[in-house]
Amino acid sequence: MLIQEKLTIRQLSIIAFLGIIGDMMLIYPTLIAYSGHQDAWICSLLSQVLGLGILWLIYKMHQMYPGLSLIEICSEVLGKWIGAILAAGYLFYFLIGAAVCIREVGDFMTTQVYLRTPIRAIILLFVVTLGWAALKGLGTFGRSAEILAPFIVLSLIILICCLLPKADSSNLKPFLNTPLFSFINGIVRGATVSYGELIVISMYLPYVAHGVHKRRDMFLGTLLGGIMLTSFLLIGLLVVGAEQTQHNIYISYILAQKINIGDFIQRIEALIATAWLASTFIKTFLYSFGFILGLAQLTRMNSYKPLILPTMLLLFAMSVVISPNAIFYTLTIMYAWFDWDFTVSIIIPVFLLLISLLKRRSKQQRSGKALSHK
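Predicted model, so just to flag it, every value in this text is computed and none were measured.

Scoring rules and cut-offs
Residues numbered from 1 in each chain as written. Predicted model: local features only at pLDDT ≥ 70, side-chain atom pairs only at ≥ 80, totals over all residues. Heavy atoms only, no water. Salt bridge = Lys/Arg side-chain N within 4 Å of Asp/Glu carboxyl O. Helix = DSSP H or I, 4+ residues; strand = E, 2+ residues; numbered from the N terminus. Buried < 20%, exposed > 50% of the residue type's maximum accessible area, 1.4 Å probe, protein only. Disulfide = S-S within 2.5 Å. Polar contact = N/O pair within 3.5 Å; in protein donor to acceptor, adjacent residues only side chain to side chain. Axes fitted to C-alpha atoms, helices over the stretch in contact; angles between N-to-C directions. Parallel < 35°, antiparallel > 145°, perpendicular 65-115°, else oblique. Left-handed = near helix turned anticlockwise from the far one by under 90°. Nonpolar A, V, L, I, M, F, W, Y, C, P; charged D, E, K, R; others polar. Core = buried A, V, L, I, M, F, W, Y, C linked by side-chain atoms within 4.5 Å. Contact = heavy atoms within 4.5 Å.

S.K.: What is the right way to read the pattern of salt bridges from this model?
M.R.: Proximity of charged atoms lets side chains of opposite charge pair with each other. What the rule picks out here adds up to five salt bridges. Here aspartate 23 makes a salt bridge to lysine 283, at a shortest N to O gap of 2.8 Å. Within this pair, whereas aspartate 23 is found in the loop between α1 (9-21) and α2 (24-36), its partner lysine 283 is found in helix α11 (residues 269-298), the two being separated by 260 residues in sequence. The exposure classification of aspartate 23 matches that of lysine 283, with both residues buried. Between arginine 103 and aspartate 107 there is a salt bridge, and its shortest N-O distance comes to 3.1 Å. Pair noted here: arginine 103 and aspartate 107 are both in helix α5 (residues 80-113), with a separation of four residues, about one helical turn.

And the structure:
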């Protein structure tokens, strides 16, 4: 194996929790409100069931091939050449996912916080941090996630609690007035853009220490992350309504600016921005290190470390050219990304599982015939 270090089960659950929140902390309410409108919070709640089904597909592949990553499973199930093509497709997905997350950081920081700072400077600092984390390895990353998790959770709880006095339940009315197609679209979108992007976790499951509660803790951590996203969406609808939630890409940050309790607790948006940066860093690392690890496995290298510097240089370039501005990302990439997530997290895993089951059944039938002849 390319990595000798093992993640603990607790680290896996924390990484799953932070991975599902990731960049979605800011943009998830906008994505779901686009389809569900004032019923978006109901869509998000129902999407948790579908999301857990997606997570079950991911874990089922790991159970069938416990020592293999997603890239290795593709070659094992489909053969050397076809499997390599599918594996290359997943690597491209991881690479673009990392580049988009980095660009999100650059756009957010230069439009909301550091208005006069060149976006390339922000992107460079983020990429250097990613490269340093990749160089230190998976074990260090797991311990870093454990350190960051309490700060992120506390920041999010503070945001929700401080906004409760501004909540207005009339913003949720009329209930269940969304057209059926849009309502279903909101449910599927809610599951796919959050749980579906955790397909990258399948790159790390072979490097998790064995334990009796591995599946339970992974599912629990992910479900808590999904519930947290639903809470962001609900508080956004309660405070500013469906219209503003739908059209403000950084709605959680905007909500933080509205907090003012007794002219004492106010202007905590910097805290929320820091928590968002930390959770986005976790998700970006999952994508970028998954790409590095998968490329090393696909090319059968003895070590992944020679790929770190070229990958970071590639990510820096791609994050600069992938989108001209935040408006292009909002109107083009964000909604088209749903189809890609749906394909890589549902359609292809179902296809791989079916092929694998057919191959095993065929092998069992051949073994049974051979024994009967004897």
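S.K.: So what exactly am I meant to see when it comes to the state of the cysteines here?
M.R.: As used here, a disulfide is simply a covalent bond connecting the sulfur atoms of two cysteines. This model, assessed by the stated rule, comprises zero disulfides. With no disulfide of its own, cysteine 162 lies closest to cysteine 161 among cysteine sulfurs, the gap being 6.8 Å. Judged by relative accessible area, which is 11%, cysteine 162 ranks as buried.

S.K.: Which parts of the structure should I look at to understand the side chain of serine 356?
M.R.: Along the chain, the position of serine 356 falls in helix α13 (residues 326-373). One polar contact links serine 356 to tyrosine 65, side chain to side chain, over a distance of 2.7 Å.

S.K.: Help me understand the packing of α5 against α11 in this model?
M.R.: For any two helices packed against each other, one specifies the inter-axial angle together with the distance between the axes. Look at α5 against α11: their axes get within 9 Å of each other, and the N-to-C directions meet at 155 degrees. In this view, α5 runs roughly antiparallel relative to α11, as classed from their interaxial angle. The crossing of α5 and α11 is left-handed. By residue class, the composition of the contact of α5 with α11 is 20 nonpolar, six polar and two charged.

S.K.: Explanation requested: unusual backbone geometry in the structure shown.
M.R.: Keep in mind that most residues, glycine aside, have a negative phi and that most peptide bonds are trans. Each neighbour pair has its own omega, and for lysine 173 with proline 174 the value is 0 degrees, a cis peptide bond. The residue proline 174 is located in the loop between α7 (138-163) and α8 (180-194) in this model. A positive phi angle is found at histidine 37, which is not glycine, with a value near 55 degrees. Relative to the assigned elements, histidine 37 resides in the loop between α2 and α3 (40-64).

S.K.: Help me understand the nonpolar core, please; the structure alone is not making it clear to me.
M.R.: The tendency in soluble globular proteins is for nonpolar side chains to be buried as a group. In this structure, Tyr90 and Phe94 are the most contacted members of the largest nonpolar core, which totals 126 residues. With 16 residues, α5 is the largest single contributor of residues to this core. Apart from residues lying up to four places away in sequence, phenylalanine 94 is in contact with Leu70, Val200, Met203, Tyr287, Gly290 and Phe291. If you look at the next biggest cluster of nonpolar residues, it comprises twelve residues, including Cys162, Leu163, Leu255 and Ala256.

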